[in-house]
Amino acid sequence: MLERALSGSAAYKRLLGGLFILMGLGFAAYLTQWEHGLMITGMGRDVSWGLYISQFTFLVGVAASAVMVVLPYYIHDVKAFGRITILGEFLAIASVIMCVTFVLVDLGKPMRVLNVLLYPTFNSMLFWDVVVLNGYLLLNIFIGWNVLEAERKGTHYKKWVKTLIYISIPWAVSIHTVTAFLIAGLPAREYWLTAIMAARFLASAFCSGPALLILLALIVRKYTKFDAGQEAINKLLTIVTYAMLISVFFVILEVFTAFYSNIPGHMTALKYLFVGVDGKHALVPFMWMFVILAIAGVALLLHPNVRKNEKLLIAACCCVFFSMYLDKGVGLIIGGFIPNMYGQIHQYVPTLPELMIVAGVWATGFFVLTVLYKIAVSVKEEVRG
Amino acid sequence: MDTSRRDFLKIGGLCALGLSSVEVAEAFAKSQASKYLTNPKAGAAKRWAMAIDVKKCWKAEKKECKDCILACDWAHNVPDIPVKRQEVKWLWNEKYENAFPDQESELEPVEVKEKPFLVLCNQCAHAPCVRVCPTQATFKNDQGITMMDMHRCIGCRYCMAACPYGARSFNWRDPRPYITKINPDYPTRDRGVVEKCDFCVERLAVGKIPACVEACKSKALIFGDLDDPNSDLRKALASRYSIRRKPELGTMPGVYYLM
Ligand code: SF4
Ligand code: SF4
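Okay, so let's go over this structure. (Residues numbered from 1 in each chain as written. Chains lettered and ligands numbered in written order. Predicted model: local features only at pLDDT ≥ 70, side-chain atom pairs only at ≥ 80, totals over all residues. Heavy atoms only, no water.)

### Some words on the overall build of chain A
Then, in step 1: The secondary structure content of chain A amounts to 13 helices and 0 strands.
Then, in step 2: In sequence order, chain A lays out its α and β elements as α-α-α-α-α-α-α-α-α-α-α-α-α.
Then, in step 3: On the principal axes, the C-alpha backbone points of chain A span a range of 65 × 50 × 40 Å.
Then, in step 4: Counting only carbon and sulfur atoms, one obtains 72% of the accessible surface of chain A, whose full area is about 15800 Å². (Helix = DSSP H or I, 4+ residues; strand = E, 2+ residues; numbered from the N terminus. Areas by Shrake-Rupley, 256 points an atom, 1.4 Å probe, with all protein chains shown as cover.)

What follows is the structure, given as structure tokens:
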């Protein structure tokens, strides 16, 4: 099936070319990092994880898009999801590839990464995260590929594929839970030390992932003959709406607990994120942007016309996606490191090479996604004749 | 030197004969095992720990005495990184409000507010850094010291996120050009790995006390076995009121501050 990725319209090639350039720039920046070490980033002893790891936690969420179509389709037999499922699975593959790459570029000694498997450490959440993420990647590759192949041949996929599909559902939940546990179990990181962290991860995953999936389905519909179906999009939108409301609710819970209890440790990070502390407020504009987008997103999702008007739909999905990005892809990880362990506010500003690497990894993900979608769409177009 | 060279050649020969590397490694381990005897002079303890007599420290003859810090930095080839946010530190001074955040009343004696508190890795009994490390590159030894295997560390910095005391440093850059005077007896580090104070485990192994304890002319650093009720350390703790950093986290820090 792979050969379908090699031919395509001029627009397809232009898109791949553009992404390829971004990947090249990212790779060049990574070579500098390889040469000089992580000193070229804005990280330091206080904010020791930066954009790389925060992109990773966010993208783990996006990978959830698959389960939100797989679960209704295979368990509840929601026929409407029949065609969009493959888009979800392929989006999951691309997201997990980005996740893994972000973890790799964050390592000080990337060539030693196999030590994680050579010395399996069951008490380390990072060990488990490596296991569940790679497992999820393999599951989605197997499932997506086999289902598509079967469709191309006009047959039904094999029985064992169905077993894998069932396994993939709780597995998707595990990738969020383990990633949340990664940060929620650290004794002195008060911003992260919250029992609803895993729930927050799941809720925000189940709105940002499907929101992106809707946007992608619309793009695919516009540029190809493949239509995932309005009904599937509408159903997904319902999921996005509920998940978004729950996400916003969870954020309010955090704010309440911190401020009503009035415990300084719990309040400082939130204060830093939303108003700034000691005249330091690098993240304040991003966090208010998050609030505005989240409110706008909720308002649009609840608007009665959102299902009829495509512009409204696109706006709603963009608001949801970017608000969740700001909350999880920027604020959550960096906020956990501020204040530092000495009660000081040391800010983090990513450097240009760091941003280039981030852009490069995103481009890689979208490159993979474009190729996979191209294959899927070609197969679907062929089958339909 | 000669014997080990011969051993090496022999093993090389075995390899050439086509034995699997595992067998060779086992043979090597067997022939070496007997050679790893502990130094009879080596210090023994169930749990090494330290008490810092802050009063004595503040009364040091020299103004702004840094003897312990300099001794440590030299003993371990700690680099002097010019970029503050990416510094490497093993033992250093912090103010009370920073060493003990959220505990200050702001009405403490000026002395407490202004004078330095030495901070270092607490060699926690329940060390979060050890709990999270995905490769066991950081681990506890049998004398209660939290150790680092710099050859295994992958540089994920999970341990830095987990340590509640900011005691760990990552080598953001190659540290070697920033070492003012190299101590040939201690390895320098490569970039990309984490490091921290290890209570001079290499000195303990040959019966010496930690470099900082030895360097302190005011005898402000008391080092000993926390599990031995007759140690000087335990006696000091029994006679003076002491505090530890963030004890509420359950890490059981092994560094005490005698007030
Ligand atoms: S002080 Fe930090 S580095 Fe040292 S043992 Fe405790 S948690 Fe680990
Ligand atoms: S940076 Fe090294 S010591 Fe720290 S958690 Fe990662 S592998 Fe373990």
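Still more ground to cover, so stick around.
### Digging into the overall build of chain B
Then, in step 1: Helix and strand content of chain B: 11 helices and 10 strands.
Then, in step 2: Out of the 259 residues belonging to chain B, those deemed buried represent 52%.
Then, in step 3: Looking at chain B alone, contacts between residues at least 24 apart form 64% of all its contacts between residues at least 6 apart.
Then, in step 4: Working note: accessible area of chain B is about 13300 Å², and carbon and sulfur atoms make up 57% of it. (Buried < 20%, exposed > 50% of the residue type's maximum accessible area, 1.4 Å probe, protein only. Contact = heavy atoms within 4.5 Å.)

### Comments concerning helix 4 (residues 67–75) of chain B
Residue and element names in this part refer to chain B.
Then, in step 1: Along helix 4, the residues that are buried comprise Asp67, Cys68, Ile69, Cys72 and Ala75.
Then, in step 2: On its buried face, helix 4 sits against strand 2 (92–94), strand 3 (117–119), helix 10 (211–215) and strand 8 (221–225).
Then, in step 3: Downstream of helix 4 by a residue or two, Asn77 has a phi angle that is positive, lying close to 50 degrees.

### Section: the site of ligand 2
Then, in step 1: Around ligand 2, a shell composed of 13 residues is seen, among which Cys133, Cys153, Cys156, Arg157 and Cys159 of chain B lie nearest.
Then, in step 2: Grouping the constituent residues of the shell around ligand 2 by class yields 10 nonpolar, 2 polar and 1 charged. (Near = heavy atom within 4 Å. Nonpolar A, V, L, I, M, F, W, Y, C, P; charged D, E, K, R; others polar.)

### Observations concerning a nonpolar patch on the surface
Then, in step 1: Taken together, the side chains of Leu104, Val113, Leu114, Leu117 and Leu118 of chain A define a hydrophobic patch exposed on the protein surface, amounting to about 450 Å² of accessible area.
Then, in step 2: As for its position among the elements, Leu118 of chain A is in helix 5 (residues 115–118). (Patch = residues over 30% accessible without salt bridge, like charges linked within 9 Å, V, L, I, M, F, W, Y side chains within 5 Å. Salt bridge = Lys/Arg side-chain N within 4 Å of Asp/Glu carboxyl O.)

### Digging into the packing of helix 4 (residues 85–106) of chain A against helix 13 (residues 352–384) of chain A
All names here are of chain A.
Then, in step 1: As a packed pair, helix 4 and helix 13 sit with axes 9 Å apart at the nearest point and diverge in direction by 155 degrees. Looking at the two axes, helix 4 sits roughly antiparallel to helix 13. The chirality of how helix 4 crosses helix 13 is right-handed. Between helix 4 and helix 13, the contacting residues are Ile86, Leu87, Gly88, Phe90, Leu91, Ile93, Ala94, Ile97, Met98, Thr101, Phe102 and Val105 on the first element and Ile357, Val358, Val361, Trp362, Gly365, Val368, Leu369, Leu372, Tyr373, Ala376 and Lys380 on the second.
Then, in step 2: Taken together, the residues of the contact of helix 4 with helix 13 sort by class into 19 nonpolar, 3 polar and 1 charged. (Axes fitted to C-alpha atoms, helices over the stretch in contact; angles between N-to-C directions. Parallel < 35°, antiparallel > 145°, perpendicular 65-115°, else oblique. Left-handed = near helix turned anticlockwise from the far one by under 90°.)

### Quick look at the interface of chain A and chain B
Then, in step 1: Facing the 43 residues of chain A at the interface are 50 residues of chain B.
Then, in step 2: Across the chain A to chain B interface the summed buried area is about 3700 Å²; carbon plus sulfur atoms make up 50%.
Then, in step 3: Three residues, Arg45, Pro187 and Tyr342 of chain A, lead the burial of chain A against chain B; their summed loss comes to 24% of the area buried on that side.
Then, in step 4: Summed over the shared surface of chain A and chain B, the result is 2 salt bridges.
Then, in step 5: Here Arg157 of chain B and Asp106 of chain A are joined by a salt bridge, their closest N and O atoms 2.6 Å apart.
Then, in step 6: Counting across the chain A and chain B interface gives 37 residue pairs in polar contact (both at pLDDT 80 or more).
Then, in step 7: For the side of chain A that touches chain B, the residue count by class is 23 nonpolar, 14 polar and 6 charged. (Buried area = accessible area lost by both parts, 1.4 Å probe. Polar contact = N/O pair within 3.5 Å; in protein donor to acceptor, adjacent residues only side chain to side chain.)

### Here we look at the nonpolar core
Proteins that are soluble and globular tend to have nonpolar side chains buried together.
Then, in step 1: Grouped together as the largest cluster of nonpolar side chains are 210 residues, with contacts concentrated most on Ile84, Phe102 and Trp192 of chain A.
Then, in step 2: Top contributing element to this core by residue count: helix 8 (residues 197–223) of chain A, with 16 residues.
Then, in step 3: In contact with Phe102 of chain A, other than residues within four places in its own chain, are Tyr52, Gln55, Phe56, Leu59, Val358, Val361 and Trp362 of chain A.
Then, in step 4: Listed in part, the 9 residues of the second largest apolar core include Ala49, Ala51, Ile222 and Leu258 of chain B. (Core = buried A, V, L, I, M, F, W, Y, C linked by side-chain atoms within 4.5 Å.)

### Section: the side chain of Asp106 of chain A
Then, in step 1: Position of Asp106 of chain A among the secondary structure elements: in helix 4.
Then, in step 2: Looking at Asp106 of chain A, its side chain comes within polar contact range of the side chain of Arg157 of chain B, at 2.6 Å.
Then, in step 3: Excluding residues within four positions of it along the chain, Asp106 of chain A makes contact with Leu38, Met43, Trp49, Tyr52 and Ile53 of chain A together with Gly155, Cys156 and Arg157 of chain B.

### Comments concerning the packing of helix 9 (residues 230–261) of chain A against helix 10 (residues 264–274) of chain A
Residues and elements named next belong to chain A.
Then, in step 1: Remark: helix 9 packs on helix 10, axes separated minimally by 8 Å, with the N-to-C direction vectors making an angle of 125 degrees. In terms of axis orientation, helix 9 runs oblique to helix 10. Crossing of helix 9 against helix 10: the hand is left-handed. Contact residues: helix 9 offers Glu254, Val255, Ala258 and Phe259, while helix 10 offers His266, Met267, Leu270 and Lys271.
Then, in step 2: Looking at the contact of helix 9 with helix 10, its residues break down into 5 nonpolar, 1 polar and 2 charged.

### Brief notes about the pattern of salt bridges
Pairs can form between side chains of opposite charge once their charged atoms are near each other.
Then, in step 1: On inspection of all chains with the given rule, the structure shows 17 salt bridges over all chains.
Then, in step 2: Between Asp77 of chain A and Lys79 of chain A there is a salt bridge whose closest N-O contact spans 3.0 Å.
Then, in step 3: For Asp77 of chain A, a relative accessible area of 47% corresponds to the partly exposed category.
Then, in step 4: The class of Lys79 of chain A is exposed, set by a relative accessible area of 60%.
Then, in step 5: In this structure, Glu195 of chain B engages Arg189 of chain B in a salt bridge whose closest nitrogen and oxygen atoms are separated by 2.7 Å.
Then, in step 6: On the basis of relative accessible area, Glu195 of chain B is assigned to the buried category, the value being 0%.
Then, in step 7: Taken together, the shared-partner salt bridges connect Glu149, Arg152 and Lys153 of chain A into one network.

### Observations regarding the packing of aromatic side chains
All names here are of chain A.
Then, in step 1: The final tally for this structure, using the stated rule, is 29 aromatic pairs over all chains.
Then, in step 2: Taking the centre distance of 6.2 Å and the plane angle of 20 degrees together, the rings of Trp362 and Phe366 count as stacked. Of the two residues, Trp362 and Phe366 both sit in helix 13, 4 residues apart, roughly one turn of that helix.
Then, in step 3: Exposure remark for Trp362: the relative accessible area of 15% places this residue in the buried category.
Then, in step 4: Of the residues examined, Phe366 reaches a relative accessible area of 27% and is grouped as partly exposed.
Then, in step 5: Grouped by ring-pair contacts, the aromatic residues Phe58, Phe321, Phe322, Tyr325, Trp362 and Phe366 constitute a single cluster. (Phe/Tyr/Trp six-rings, centres within 6.5 Å; stacked < 30°, edge-to-face > 60°.)

### Thoughts on the sheet that holds strand 8 of chain B
Residues and elements named next belong to chain B.
Then, in step 1: As summarised here, the arrangement of the 4 strands in space is 8-1-10-9, forming an open sheet in which the pairing is mixed. The sheet is open, and its two borders are formed by strand 8 and strand 9 (242–243), each paired with just one other strand.
Then, in step 2: Two elements, strand 1 (residues 48–53) and strand 10 (residues 255–258), share 4 bridges in a ladder whose sense is parallel. Across the sheet, residue Met50 finds its bridge partner in strand 10, namely Val255.
Then, in step 3: The sheet contacts of helix 11 (residues 232–239) involve strand 1, strand 8, strand 9 and strand 10, and relative to strand 8 the element is tilted by about 115 degrees. (Pairing = 2+ DSSP bridges.)

### Section: the pairing of strand 1 of chain B
All names here are of chain B.
Then, in step 1: Burial within strand 1 is extensive, with 6 of its 6 residues counted as buried.
Then, in step 2: Burial along strand 1 is two-sided: Trp48, Met50 and Ile52 facing one way and Ala49, Ala51 and Asp53 facing the other are all buried.
Then, in step 3: As defined by bridge partners, strand 1 adjoins strand 8 across 5 bridges and the pair is classed as antiparallel. When the sheet's bridge partners are listed, Met50 is paired in strand 8 with Phe223.

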